[in-house]
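Listed below are the residues making up each chain.
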Amino acid sequence: MSQKYDVIIVGGGIVGCMAARELAPDHDVLVVERDQIGGGATGKASGLVTVVEEYSDTPAAAAHAIEFFREYDGTGHFSFHERSYVELRSDEHDVASLRDHAATLRENGFDAAFHTPDELENRFPDTFELDGHAGGIVYEDAGWLDPYTFVTTVKEDAERDGATFLTGVEVDDLAVEDGSIVGVDTEADERIRAEQVVVAAGWRTRQFVSEHVSIPTRPYRYQTYNLDHERTLTEEFPMAWDEHSHLYFRAEPNGELHIGGGTYFVKPPGTPRSTTTEGFQRLIAGTIPELITNLGEAQFVAGDTCRFGDSATPDRYPIIDAPAEAPEGLAVATGTHGFGIMAAPVIGTAIRMVVTDEDGPFSVDEFSLDRFEDRSTDFGSSYIAESPELVGPQS
Ligand SMILES: Cc1cc2nc3c(=O)[nH]c(=O)nc-3n(C[C@H](O)[C@H](O)[C@H](O)COP(=O)(O)OP(=O)(O)OC[C@H]3O[C@@H](n4cnc5c(N)ncnc54)[C@H](O)[C@@H]3O)c2cc1C
């Protein structure tokens, strides 16, 4: 390939595609994907958009994301289905501190309120059995989307603005001369030249750039299951997350209940796995029928997991940076920590800010690599299990 690009993006998940969409209007962009677009964690995601809660420390970024989804609704094949989201908190919290938290969210411009179990019953009649819960924070800036439709719509936007997508081609290495990026080398020994390279290779990013820069990310898996059941789930049925089990759920358009969680770290070097663990099934069976009323007879259908995983960071925020110690022209975008779909508008805009050195609607400081002095992968996460019971024998 003799053409020289302004920017090559390694990875065609939602992060790489959003980066392409943001950069394509005024850059020559090439996305190189080893598999197919959305074939990694992106295509397996549940599509929950609860970004306000997850990014509540960065209100400007959270607002940017939810505004994006509301405006993007109806673009191409993409739909954003607004739904209330309830964070069901355990009774280890006192009600006053949960009310304070909701008040802070409102001060930051978000539509959120704490509800006691009785108040939740009024708001969502016959929905929850809340033994062991203090109540729930109800977020209105939330919804769900189909991740595959989302990523393909974003890709088509980028293509319309001139971006090129190369699929089924693995990038072997970065091409570096005199301390600066000059492009990438593919598995076919082809050098593709570019001024800048963005590595958006999901959990593989750490390994991919390890010769040049150290990134504290760990691969981990999410698992999902759909439940067939007897209850009719209307549009009033909220999405929710349960603090006790760390399971989340939402209604599918076909009436099934989509349940996710059962997260666990993948043991290095990372083996592919396509089946859910028995421990995850047991967790659902021991939680959901007691938490949601009137499901009646329920059966597991369509269990799924991402073959390799998503990437966790020590503080759950992504790493989007052109690190000072890396070759000139190299940027990384990884560590999406289970929020890569909902945070995609933030991540895409942040990548543009990093690549072009422009200001944007929020600060990218929270996403810089140098917030971590310790770059090791020796960290845990309260959201990711390490329990052998959940993980099963072959993680
Ligand atoms: C079951 C499940 C449920 C989830 N639910 C949600 C949810 O409800 N809401 C939410 O916001 N997030 C959710 N997530 C997380 C979300 O899916 C991820 O955070 C997000 O998709 C990560 O996007 P990515 O582009 O970084 O990674 P990926 O989608 O994994 O993309 C990385 C791409 O890089 C490619 N690649 C890697 N190495 C190379 C190479 N050397 N050369 C070329 N290409 C390469 C890979 O093939 C892959 O396609 C969920 C994840 C899972 C697995």
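Given the structure is predicted, the values throughout are model-derived calculations rather than measurements.

1. Thoughts on the overall build of the chain
Next up, step 1: Tallying secondary structure elements over the chain gives 11 helices and 20 strands in all.
Next up, step 2: For a compact globule of 395 residues, the expected C-alpha radius of gyration is about 21 Å, and the chain comes in at 21 Å, within 12% of that figure.
Next up, step 3: By its C-alpha atoms, the chain is 65 × 45 × 40 Å across when sized along the principal axes.
Next up, step 4: Contacts in the chain between residues at least 24 apart in sequence constitute 75% of all its contacts with a sequence separation of at least 6.
Next up, step 5: Carbon and sulfur atoms provide 42% of the accessible area of the chain, an area that totals close to 16,700 Å².
Next up, step 6: Counting 28 positive and 72 negative side-chain charges, the chain places the centres of these two groups 4 Å from one another.

2. Concerning a negative patch on the surface
Next up, step 1: Together, Asp118, Glu121, Asp126, Glu129, Asp131 and Glu290 line one region of the surface with negative charge.
Next up, step 2: Residue position: aspartate 126 is located in the loop between helix H6 (117-123) and strand E7 (133-139).
Next up, step 3: Relative accessible area serves as the criterion here: at 46%, aspartate 126 is assigned to the partly exposed category.

3. Concerning the site of the ligand
Next up, step 1: Surrounding the ligand, one finds 36 residues, the nearest of these being Glu33, Thr42, Leu48, Asp310 and Met342.
Next up, step 2: Between the ligand and the protein, one listed contact pairs an oxygen atom with a backbone N or O atom of alanine 41 at 3.0 Å.
Next up, step 3: About the coverage of the ligand: the protein hides 98% of its 1,000 Å² of free accessible area.
Next up, step 4: Of all the elements in the fold, those that place two or more residues in the shell around the ligand are helix H1 (14-23), strand E2 (29-33), helix H2 (41-44) and strand E13 (218-228).
Next up, step 5: For the shell around the ligand, the element with the most residues is H2, which contributes 3 residues.
Next up, step 6: Looking at the shell around the ligand residue by residue, the classes come out as 18 nonpolar, 12 polar and 6 charged.
Next up, step 7: When residues are assigned to domains, the shell around the ligand turns out to be shared by domain 1 (4-46 + 147-217 + 314-371) and domain 2 (83-140 + 218-311), each giving three or more.

4. Describing the pattern of salt bridges
Next up, step 1: Evaluated as defined, the whole model comprises 23 salt bridges.
Next up, step 2: Across the pair glutamate 159 and lysine 155 runs a salt bridge, and its minimum N-O distance is 3.3 Å. Remark: lysine 155 and glutamate 159 occur in helix H7 (residues 147-160); sequence separation between them is 4 residues, near one turn of the helix.
Next up, step 3: Taking the shortest distance from any N to any O, the salt bridge between glutamate 358 and arginine 352 comes out at 3.0 Å.
Next up, step 4: By relative accessible area, which is 36% here, glutamate 358 ends up partly exposed.
Next up, step 5: One network of salt bridges, with partners in common, ties together Arg21, Glu22, Asp157 and Arg160.

5. Topic: unusual backbone geometry
Next up, step 1: Non-glycine residue aspartate 178 carries a positive phi angle of around 50°.
Next up, step 2: Checked against the element boundaries, aspartate 178 lands in the loop between strand E10 (171-177) and strand E11 (180-186).
Next up, step 3: Classification of aspartate 178 as exposed rests on a relative accessible area of 83%.
Next up, step 4: One non-glycine residue, alanine 302, lies in the positive phi region at around 50°.
Next up, step 5: For alanine 302, the location among the structural elements is in strand E17 (residues 299-305).

6. Concerning the environment of leucine 247
Next up, step 1: Tracing the backbone through its elements, the reader meets leucine 247 in the loop between strand E14 (239-242) and strand E15 (248-251).
Next up, step 2: In this structure the C-alpha to C-alpha distance between leucine 247 and glutamate 373, which are 126 residues apart in sequence, comes to 32 Å.
Next up, step 3: Among all residues touching leucine 247, those that are not within four sequence positions of it are Ala240, Trp241, Asp242, Ile259, Gly260, Gly261, Gly262, Phe280, Leu283, Ile284, Thr287 and Ile288.

7. Topic: the domain arrangement of the chain
Next up, step 1: The domains assigned to the chain are domain 1 (4-46 + 147-217 + 314-371) and domain 2 (83-140 + 218-311).
Next up, step 2: Distance from the C-alpha centre of domain 1 to the C-alpha centre of domain 2: 30 Å.
Next up, step 3: Of the roughly 1,200 Å² buried at the junction of domain 1 and domain 2 (both faces included), carbon and sulfur atoms supply 52%.
Next up, step 4: Of all residues in domain 1, the largest losses of buried area upon contact with domain 2 belong to Lys44, Ser46 and Trp203, amounting jointly to 55% of the total for that side.
Next up, step 5: For the pair domain 1 and domain 2, the interface holds 1 salt bridge.
Next up, step 6: Two residues, lysine 44 and aspartate 304, come together in a salt bridge whose shortest N-O distance is 3.3 Å.
Next up, step 7: Along the contact surface separating domain 1 from domain 2 lie 11 residue pairs in polar contact (both at pLDDT 80 or more).

8. Focus on the side chain of histidine 115
Next up, step 1: Within the secondary structure, histidine 115 sits in strand E6 (residues 112-115).
Next up, step 2: The class for histidine 115 is buried, based on a relative accessible area of 13%.
Next up, step 3: Among the polar contacts listed, one links the side chain of histidine 115 to the backbone oxygen of alanine 113, at a separation of 3.3 Å.
Next up, step 4: Apart from the residues within four sequence positions on either side, histidine 115 is in contact with Leu120, Arg123, Ala134, Gly135, Gly136 and Val138.

9. So, the nonpolar core
Next up, step 1: If you look at the biggest cluster of nonpolar residues, it comprises 70 residues, and the most contacted ones within it are Ile9, Ile14, Tyr55, Phe150 and Ile351.
Next up, step 2: A total of 8 residues in this core trace back to one element, the largest contributor, which is helix H10 (residues 344-356).
Next up, step 3: Shared between two domains, this core holds at least three residues of each, these being domain 1 (4-46 + 147-217 + 314-371) and domain 2 (83-140 + 218-311).
Next up, step 4: Not counting residues up to four positions away in its chain, the partners in contact with tyrosine 55 are Ala61, Ala62, Tyr317, Pro318, Phe339, Ala343, Val346 and Phe367.
Next up, step 5: Core analysis: the next-biggest nonpolar cluster, separate from the first, contains 24 residues, Leu174, Val199, Phe208 and Val213 among them.

Quick notes on the rules
Residues numbered from 1 in each chain as written. Predicted model: local features only at pLDDT ≥ 70, side-chain atom pairs only at ≥ 80, totals over all residues. Heavy atoms only, no water. Helix = DSSP H or I, 4+ residues; strand = E, 2+ residues; numbered from the N terminus. Rg over C-alpha atoms; globule rule 2.2 N^0.38 Å. Contact = heavy atoms within 4.5 Å. Areas by Shrake-Rupley, 256 points an atom, 1.4 Å probe, with all protein chains shown as cover. Lys, Arg positive; Asp, Glu negative; His and termini not counted. Charge placed at Lys NZ, Arg CZ, Asp CG, Glu CD. Patch = residues over 30% accessible without salt bridge, like charges linked within 9 Å, V, L, I, M, F, W, Y side chains within 5 Å. Salt bridge = Lys/Arg side-chain N within 4 Å of Asp/Glu carboxyl O. Buried < 20%, exposed > 50% of the residue type's maximum accessible area, 1.4 Å probe, protein only. Near = heavy atom within 4 Å. Polar contact = N/O pair within 3.5 Å; in protein donor to acceptor, adjacent residues only side chain to side chain. Nonpolar A, V, L, I, M, F, W, Y, C, P; charged D, E, K, R; others polar. Domains from an automatic or database assignment. Buried area = accessible area lost by both parts, 1.4 Å probe. Core = buried A, V, L, I, M, F, W, Y, C linked by side-chain atoms within 4.5 Å.

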